[in-house]
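Listed below, chain by chain, are the residues.
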Amino acid sequence: MSERRFTIFDDDDEEKAHKNPKEITVEMLNKQQKHYMKLLRDYSQEIEFIDKLMRDCRAERRKFFGEELPEISRRLSAEHIDERAKAEWLHRLSAAMQASFDASDRLTAAFGIDKAEEFRAKLESKMKGI
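Keep in mind it's a predicted model, so treat the numbers as computed, not measured.

Asks: Residues and numbers for helix 3 (residues 44-78), please.
Replies: The terminal C-alpha atoms of helix 3, which comprises 35 residues, lie 49 Å apart, in line with the 51 Å expected from a rise of 1.5 Å per residue. Along helix 3, the sharpest change in direction is near 40° and occurs at phenylalanine 64. Tucked into the core, helix 3 has its buried residues touching helix 4 (83-128). Trailing helix 3 by a residue or two, histidine 80 shows a phi angle of about 60°, which is positive.

Structure representation (structure tokens):
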């Protein structure tokens, strides 16, 4: 029975997993790095866009729960709205906004995953020739 050792550098692809690491040259590593950096440059706008979406969503959530919801509560109190009605209304508003923020998070994550998969596929296709 042959013993197979695994390392953190093993690949899921059986053919690649059995490849002798001594066959990898500095030239090959340089080519891989060159292709990787080019793809990063090519995808920089998408990466920045996803980052901005995520930051904006977090900032909007922080602002709503940290500033806007307390202000709405203060205004309802100033208008002498019944405390139970106010509490119920604020609870429903909070739940609706949380659901909206969660939906935005899911859409942003799905978009990010799609772009990451696209990036990975292009990187793989470039690396096949090396």
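On we go from here.
Asks: Any details on the packing of aromatic side chains? Residues and values, ideally.
Replies: Within the structure shown, the criterion is met by 6 aromatic pairs. Measuring from ring centre to ring centre gives 5.8 Å for phenylalanine 49 and phenylalanine 111, while their planes differ by 85°; the resulting arrangement is edge-to-face. Taken as a pair, phenylalanine 49 in helix 3 and phenylalanine 111 in helix 4 lie far apart in primary sequence, 62 residues in all. For phenylalanine 111, a relative accessible area of 29% corresponds to the partly exposed category. When the ring of phenylalanine 64 is compared with that of phenylalanine 65, the centres are 5.0 Å apart and the planes differ by 80°; the resulting orientation is edge-to-face.

The rules behind these values
Residues numbered from 1 in each chain as written. Predicted model: local features only at pLDDT ≥ 70, side-chain atom pairs only at ≥ 80, totals over all residues. Heavy atoms only, no water. Helix = DSSP H or I, 4+ residues; strand = E, 2+ residues; numbered from the N terminus. Expected span 1.5 Å × (residues − 1). Bend = angle between axes of the 7 residues up to and from the residue. Contact = heavy atoms within 4.5 Å. Phe/Tyr/Trp six-rings, centres within 6.5 Å; stacked < 30°, edge-to-face > 60°. Buried < 20%, exposed > 50% of the residue type's maximum accessible area, 1.4 Å probe, protein only.

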